[in-house]
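Listed here are the chains, written in short residue letters.
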Amino acid sequence: MSTETKPVIRVKDLTIGYGDNIVLRNVDFEILTSEIFTILGGSGCGKSTLLKHMIGLMQPLGGSVLIDGTDIVTAQGSDRLGVLRKIGVAYQNGALFGSMNLMENLCLALEEFTDLPKDAMEMIARMKLKSVGLEGSAYKMPAELSGGMRKRAAIARALSLDPKVLFLDEPSAGLDPITSAQLDKLILELSHSLRITFVIVTHELSSIFTVADRVVMLDKNTKTIIATGKPAELRDHSENPWVRQFFNRQA
Amino acid sequence: MDNSNTATVDWKELDHDRLCLVIKGRLDVETTGSLWRKILKTIAGTKPRELLVDASQIEYCDGAGIGLLLELTQTQKQNNRRIQITGLNPDFQPLMKLFDPGQTTELPPKRASLAQRIEILGEKTARLLQDVKAQISFTGEAFVKLLSTLIHPRTLRWRDTFLIAEKAGANAVGITALLGFLIGLILAFQSAVSMQKFGAQVFVTDLVCLALFRELGPLITAFVLASRSGSAFAAEIGTMKINEEIDALTTMGLDPVRFLVVPRLIAAICVIPLLTMFNNLFGLIGCGVVMSFFGSPPITYLHRIQQAATMTDLCGGLAKTFVFGALIAGIGCLQGIRTGTGPSAVGDSATRAVVSGIVAIVVADGIFAVLYYFLNI
C-alpha cells in the first residue's frame, strides 16, 4: 500500500509518565508516509497516553516526537502551529463542540485557517460528512447524535483540513459491525487516495487485520514495546507468547 | 500544505456555449480558495451549456480540490447543463465518489415564520406548564421525604449533611461577615450624613438595627447562600446526572431525593440562621464604626441598639431565613436534577438556580412583609 518509505513520524527515546510514575520507557519507532499504523496493548499499558504525547497534549519526561521533521515536544509558536496543521485527531468520545451544529464544527478550522468562501467550506463540510456516512446531519447538534454518529462526526471534523496524519483514538469502539467495516473502508480509501498517514489506537482485531500495515504492541509490565511488525506475521510467528495470545484472542 | 505550491486556471471559450477550464498545480485546502471564487464567477458569467474541465495537470488534489470539482458538477447539473471532467489522476477518482454529497435537500435553519413562532410560543407555554407541574411535584416529594427523615433521623446521611453544612455554612462565614460589615457601614454612613442635617443622627442606630434584623440581614445572607451554595448544588447534581450517577442511584434502589436533596435541604435550613446572625453582628459593628466617627460613645450605641430592636425583630428576621434556606436548596437541587445534555447544561442549571433562587427569596420576603404586618410583628 505504501508507495513511499519516508518516515513522517519518528518517536525517539520517548519516556512518558506522570511525575515519578513511568508509564513507558525509551520508546522508539517510526511511522512511514501513508502507512496505517496501529498502537496496541492491554488495558492500562499507556496507549492513549502515548497518543496524547504524540499529538503534543502532554510533555514527555524525555525524548522527542518528530512530525514531518519538527519536534512537537519542543516546537513553539508558528512551528508548533505548523505541526498541528499537519495532524488531525478524532478523540474517543468525539469531543465535538456541543454549542455548534456539525456544519459549524467542521467549518470552524476552515474559517480560521483558510480563505475559502463560505459555500466552499459548506461543500467541504458536506463532503466530509458524507464520507463518514453522516449526510443529512449537517445541521444537527452533537447532543442529537448517537455515540457512533458522534465518533464519525469527529473523524469528519479531523479530516476538514485534509491533514497529513490522522490520529484516531479507539475509532471502532461502540460502533456496529457494518459501520465499523465502513470506517475501515474509509481509512483504506483515504490512505490510498490522499496518502494520509493513520495512527490508530484500537483493540478491534478485525479492524487491525483489515487496515493496519504495521502495529506496535506496548506492554504494561516491561513498560516498553514488546512487538513491532505486520499483524499477520505477529499472529503467526511472534516469539512472544503473549503477543500470539493477543492476536489469537486466547484467554 | 507547502505554501510554495500554487494552483492556476486557464479558460477558453471553444464556441458560443462551450467553455474549457484547464486547472493546473496543487489543489489543496490553501490554494483552492481563490480559485474557487474565480472559477464560479466565470461560470456564473458565461453560463456555458457544456463545461469541459481538463484536470490532467492537477498534481495533487485533496478534499478541497475534490470539493471544487463536485461544486462545478452540481452547478452545471442544477442548471441542466453538461460537464465533462477529463484527465483526473486515477488516484483521486475514488475521492469523487467517496466525497460526493449529492444534491442536498437539507437547508440551514431559517428564521421562523409567523405560524412557526405561534407554534414555538405554544410549545414554550406547554413546557412552562410542565415545569410548574414538575416543580410542584418535586416540592411535594421533597417535603414528604424531609418529614420522613425528621421522623426517622437515622435514615439521614449525617456525614454528607455535615459536609454540605460545612461548605455552605462555615466556609461562607467570612464573605457573609464582610458583606454585613460593609452594608452596616455604608447604610449608617449614608443615613447619618442625611439625618445630621436635621439633628437626628441619634436615630441612625435605630434605622440600621431594624433594617438589618428585619430585612437586610436575612436577605443578604440568603443572596450569598443562593449564589454560593444554590449554584453549587445545581452544578454538583447536574454533573452527577450527566455522568449517569443519578440513574445508577435509581437502579440501585436508592431514592435520589432522599440521598441528594434531603441532606442539602437540612444543611441549608440549619446554616442560614447562623450565617444571618453573623451578618447582623458584623453589620452592627460596621454601624458602630460610623457612629463612633460621628462622636457617639460605644456604651450609648449599645443602649440605643437595645432600645431600637426587640427580640421579636430579631426572631422575625431569623424565622424568614428557614424558608429562604429551604427555597435555595430546593431550587438548586431541582435545577440540578432537571439538567439537560450538552456542555452548557450544567452552567445553565447553575444560572437558573441562582436567578430562580433570588427571585423566590424576594417574593417570599414580600409575603413575609404582608404577613408580619397583619400579625403585628
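Residues numbered from 1 in each chain as written. Chains lettered and ligands numbered in written order. Predicted model: local features only at pLDDT ≥ 70, side-chain atom pairs only at ≥ 80, totals over all residues.

**Remarks on the overall build of chain A**
Along chain A, the regular secondary structure elements total nine helices and ten strands. For chain A, whose C-alpha radius of gyration is 18 Å, the value lies close to the compact-globule estimate of 18 Å for 251 residues. Within chain A, residue pairs in contact and separated by at least 24 positions form 65% of the contacts whose partners lie at least 6 positions apart. (Helix = DSSP H or I, 4+ residues; strand = E, 2+ residues; numbered from the N terminus. Rg over C-alpha atoms; globule rule 2.2 N^0.38 Å. Contact = placed C-beta atoms within 7 Å.)

**Topic: the domain arrangement of chain B**
In terms of domain boundaries, chain B breaks down into domain 1 (7-99) and domain 2 (140-375). A C-alpha centroid distance of 68 Å is found between domain 1 of chain B and domain 2 of chain B. (Domains from an automatic or database assignment.)

**What to know about the sheet that holds strand 7 (residues 165-169) of chain A**
Residues and elements named next belong to chain A. Read across the open sheet, the six strands follow the order 6-7-8-3-9-10; overall the sheet is mixed. On the outer flanks of this sheet lie strand 6 (87-90) and strand 10 (224-229), each paired with one strand and no other. Adjacent strand axes in the sheet meet at a mean angle of 15°, parallel and antiparallel pairs treated alike. Sheet topology places strand 3 (residues 36-41) next to strand 8 (residues 197-201); four bridges connect them, and they run parallel. Note that in strand 8 the partner of Thr38 across the bridge is Ile200. (Pairing = 2+ DSSP bridges. Axes fitted to C-alpha atoms, helices over the stretch in contact; angles between N-to-C directions.)

**Overview of the interface of chain A and chain B**
Taken together, the 27 residues of chain A in the interface contact 32 residues of chain B. Broken down by secondary-structure element, the contributors of at least two residues to the side of chain A that touches chain B are helix 2 (77-86), helix 4 (118-131) and helix 6 (177-193) of chain A. The element contributing the most residues to the side of chain A that touches chain B is helix 4 of chain A, with eight residues. Its residues assigned to classes, the side of chain A that touches chain B shows twelve nonpolar, six polar and nine charged. (Nonpolar A, V, L, I, M, F, W, Y, C, P; charged D, E, K, R; others polar.)

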